[in-house]
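Chain residues, written in single-letter form:
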Amino acid sequence: MKKITLLSAIAALVLASCAGNPEGKKAETKDSVVVTQSEVVGTTFNVDTAASKVVWTGTKVTGKHTGTVNIKSGSLTVDNGALTAGNVVLDMTSISSTDLEGEYKEKLDGHLKADDFFGVATHPEASFTITEVKPGATANDITVSGNLIIKGVSKNITFDAKVVEATDATIKATANFNITRADWGVSYEGKSDDLISKEINFDINLVANK
C-alpha cells in the first residue's frame, strides 16, 4: 500500500510539472537590436486597429485560456510589393480572456494585469518594431525579426509570417508564434498543482490601409 501511495504521489508531482506549451513554433529570441535612424524606403500603410487582431493562448496542466489584446496603433512599409518595415503598439490595459465569463473572467483578467503577469499599471503598452525582413519559401512567406518590448524589457525575436494580400490600397499579414514569457519578466508559475506553460502563443492578423 505504501508503495502504491508513493507511486501515486510521484505521478501527481510529474503531472503538475508538465504544463505543455500551446501549439506554435517558438520564436528565436536574442538581445534587442539597435535600430538606426534612416530614411524609410517605400509606401507606408496605417494599421487598421479595428480590422486587425491579436489573439493570445496560454496553457496549464488542466487546460488553457485564450483571449485578445487591442492594437493601439501601427504601420507597415512596403517597397515594390515587399514588406520592409513596420511597428505595432499594443494596449496592454485591454488584455482580456475570451473563454470565460462572469467572476472567473474578472478574476483572470485582473490577474493578467497584475505585476506577476503584465503589470499594466506601470507598463500600459507593449510594442514591436521590425528590424529585418527576409524572403521565405514562397512569394508570400517571409521571416520577420524585430524588437518586442513587454514590461519595459526589449528582446529581438524572429518568426515566420505571411503577406496574404498586397495591393496599392491594402496590406494584410499574418503570423503565429510562441515566446518564453519569463524572458520579459512574466513570472507567475501558476498553482502548485496546476502549473502554467512557460510559453505564450500569439496569433496575429494585421490589416493596414494606405
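For the structure, see preceding data.
Below is a short write-up of the structure. (Residues numbered from 1 in each chain as written. Predicted model: local features only at pLDDT ≥ 70, side-chain atom pairs only at ≥ 80, totals over all residues. Heavy atoms only, no water.)

Turning next to the environment of Asp-183. Note on placement: Asp-183 falls in the loop between strand E9 (170-180) and strand E10 (190-191). A relative accessible area of 30% places Asp-183 in the partly exposed class. Separated by 16 residues in the primary sequence, Asp-183 and Glu-199 place their C-alpha atoms 9.8 Å from one another. If we ignore the near neighbours within four places in the chain, the residues touching Asp-183 are Thr-29, Val-153 and Lys-155. (Helix = DSSP H or I, 4+ residues; strand = E, 2+ residues; numbered from the N terminus. Buried < 20%, exposed > 50% of the residue type's maximum accessible area, 1.4 Å probe, protein only. Contact = heavy atoms within 4.5 Å.)

Counting 42 residues, the largest nonpolar core has Phe-118, Ile-157, Phe-159 and Phe-177 as its most contacted members. Ignoring any residue separated from it by four or fewer positions in sequence, one finds Phe-159 in contact with Ala-27, Phe-128, Ile-142, Thr-143, Val-144, Ala-175 and Phe-177. (Core = buried A, V, L, I, M, F, W, Y, C linked by side-chain atoms within 4.5 Å.)

What follows concerns the packing of aromatic side chains. Tallying each qualifying case throughout the model produces 5 aromatic pairs. Relative to Phe-177, the ring of Phe-159 lies with its centre 4.3 Å away and its plane at 20 degrees, an arrangement referred to as stacked. Taken together, the residues span a long stretch of sequence, with Phe-159 in strand E8 (residues 153-166) and Phe-177 in strand E9 at a distance of 18 residues. Among the residues examined, Phe-177 registers a relative accessible area of 5% and is labelled buried. Among the aromatic residues, those joined into a cluster by ring pairs are Phe-128, Phe-159, Phe-177 and Phe-202. (Phe/Tyr/Trp six-rings, centres within 6.5 Å; stacked < 30°, edge-to-face > 60°.)

This part covers unusual backbone geometry. Located in the positive-phi region is Asn-80, a residue other than glycine, with phi close to 55 degrees. Unusually for a residue other than glycine, Lys-151 sits at a positive phi of about 55 degrees.

Turning to the side chain of Ser-97, a few remarks are in order. By secondary structure assignment, the location of Ser-97 is in strand E5 (residues 82-97). A polar side-chain atom of Ser-97 sits 2.8 Å from a polar atom in the side chain of Asp-109. With residues up to four places along the chain from it excluded, the contact list for Ser-97 reads Trp-56, Thr-66, Gly-67, Lys-105, Leu-108 and Asp-109. (Polar contact = N/O pair within 3.5 Å; in protein donor to acceptor, adjacent residues only side chain to side chain.)

Quick look at the side chain of His-65 now. In this fold, His-65 is placed in strand E4 (residues 63-79). Of note is the side chain of His-65, whose polar atom sits 3.4 Å from the side chain of Lys-60. Apart from residues lying up to four places away in sequence, His-65 is in contact with Trp-56, Thr-57, Gly-58, Lys-60, Asp-99, Leu-100 and Leu-108.

Another aspect to go through is the pattern of salt bridges. Scanning the entire structure with this criterion turns up 7 salt bridges. Here Asp-160 makes a salt bridge to Lys-25, at a shortest N to O gap of 3.2 Å. Within this pair, whereas Asp-160 is found in strand E8, its partner Lys-25 is found in the loop between helix H1 (2-16) and strand E1 (28-31), the two being separated by 135 residues in sequence. Using a relative accessible area of 58% as the deciding quantity, one classes Lys-25 as exposed. Among the ionic pairs, Lys-155 bridges to Asp-31, the shortest N-O distance being 3.9 Å. Of the two residues, Lys-155 is situated in strand E8 and Asp-31 in strand E1; the sequence distance between them amounts to 124 residues. (Salt bridge = Lys/Arg side-chain N within 4 Å of Asp/Glu carboxyl O.)

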